[in-house]
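# Topology and contacts: notes
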Amino acid sequence: MGTKVGPNIDYSDAAYIFDAANRRSYSGSANTWYDLSVFGAACNTLTGIAFTGVGSTSYFNFLGGNSMPITGVAHLNYGTGPRSVISWVYPTSNAGWKQIIGFGTATANAATGLAISNGTKWSTFQHNTRADEDGVAVINVWTHVAMTQSSLGSSIFINGVLTASFGNAITANQGTAFIGAKFDDGEIWNGRIAQVLFFNRQLTATEINKHFLITRGKFGV
């Protein structure tokens, strides 16, 4: 049976499912945020990251000082993918690079992720090479952000809608991965992160929009 994330969504093929509102993912008082996918990765909750809320409105509040290192990176798709990330976030700053999730290595600049760029836009990127970005990252509101990557290029989705597609492939190597930071634990996130879902395939626009529509209610969007 596949893992369910909300009603009518079966993401049994996900590589990560981190959901702060699911008590199987985070109990509310422990030091580990658990991945609900079949791979069973985890990340450490650190000082300076506050768990806030009750039930379906729960989230982690990143205060700009710490991130969460993720265990279990070997099963992620590397090279040019395909891969996708979906996240619900609430940035409290969009100044400089702010990373929702980052993974890869500095070798050959083979790292990428999902972030706010130094142009205050939602972005996916090739480390030290190129930012594929679109749509101003508005602070102090919940936003559903997604990216897809494949050998044909990348795309950015905001609140369930495709906002931009780019024709250059993005490469990543197996290395380290963080929620709330880039691959080397820099460019730390400021604000809330409620969900991070990672897939070893390119999600369709319909799938991303469906996730937004089903989950938007608890974020008041």
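What you see is a predicted model, and the numbers here were worked out from it, not measured in a lab.

### With respect to the nonpolar core
With 36 residues, the main nonpolar core has Tyr16, Trp33, Ile70, Trp122 and Ile179 as its most contacted residues. Core analysis: the second largest hydrophobic core is formed by 11 residues, Ile17, Leu36, Leu197 and Leu203 among them.

### Remarks on the packing of aromatic side chains
Applying the stated rule across the entire model yields 14 aromatic pairs. Each ring, one from tryptophan 88 and one from phenylalanine 219, has its centre 4.2 Å from the other, and the planes form 15 degrees; the classification is stacked. Residue tryptophan 88 is found in strand S7 (residues 83-91), and its partner phenylalanine 219 is found in the segment after helix H1 (205-215); the two are separated by 131 residues along the sequence. For the ring pair tryptophan 97 and phenylalanine 125, a centre distance of 5.4 Å and an interplane angle of 70 degrees mean the geometry is edge-to-face. Taken together, the positions of tryptophan 97 in the loop between S7 and strand S8 (98-104) and phenylalanine 125 in strand S10 (residues 121-126) put the pair 28 residues apart, joining distant regions of the chain. Look at phenylalanine 125 and you get buried, because its relative accessible area is 6%. Following the ring pairs from residue to residue traces out a cluster consisting of Tyr16, Phe18, Tyr26, Trp33, Phe51, Phe60, Phe103 and Phe198. One cation-aromatic arrangement involves arginine 192 over tyrosine 90; the distance from NZ or CZ to the ring centre is 3.8 Å.

### Observations regarding the layout of surface pockets
Computed from the structure, the largest pocket encloses a volume of approximately 150 Å³. What lines the largest pocket is Trp97, Gln99, Phe125, Gln126, His127, Asn128, Thr129, Arg130, Ala131, Lys182 and Glu187. Elements represented by at least two residues in the lining of the largest pocket include exactly S10 and strand S11 (130-136). For the lining of the largest pocket, the class distribution of residues is 3 nonpolar, 5 polar and 3 charged.

### A short note on the pattern of salt bridges
For the coordinates displayed, the defined rule picks out 5 salt bridges. Among the ionic pairs, arginine 201 bridges to aspartate 13, the shortest N-O distance being 2.3 Å. Taken as a pair, arginine 201 in the loop between strand S16 (190-199) and H1 and aspartate 13 in the segment before strand S1 (14-19) lie far apart in primary sequence, 188 residues in all. We classify aspartate 13 as partly exposed; its relative accessible area is 35%. Linking glutamate 187 and lysine 182 is a salt bridge whose minimum nitrogen-to-oxygen distance equals 3.7 Å. Residue glutamate 187 is classed as partly exposed on the basis of its relative accessible area of 28%. With relative accessibility at 13%, the residue lysine 182 sits in the buried group. Where salt bridges share partners, they join Asp13, Arg201 and Glu207 into one cluster.

Procedures and definitions
Residues numbered from 1 in each chain as written. Predicted model: local features only at pLDDT ≥ 70, side-chain atom pairs only at ≥ 80, totals over all residues. Heavy atoms only, no water. Core = buried A, V, L, I, M, F, W, Y, C linked by side-chain atoms within 4.5 Å. Buried < 20%, exposed > 50% of the residue type's maximum accessible area, 1.4 Å probe, protein only. Phe/Tyr/Trp six-rings, centres within 6.5 Å; stacked < 30°, edge-to-face > 60°. Helix = DSSP H or I, 4+ residues; strand = E, 2+ residues; numbered from the N terminus. Lys NZ or Arg CZ within 6 Å of the ring centre and 35° of its normal. 1 Å grid on protein atoms, 1.4 Å probe; cavity = no way out; pocket = protein on both sides within 12 Å on 5 of 7 lines; lining within 4 Å. Points joined across faces, edges and corners; volume = space filled by probe spheres on them. Nonpolar A, V, L, I, M, F, W, Y, C, P; charged D, E, K, R; others polar. Salt bridge = Lys/Arg side-chain N within 4 Å of Asp/Glu carboxyl O.

The quantities given are spatial measurements derived from coordinates; they are silent on function.
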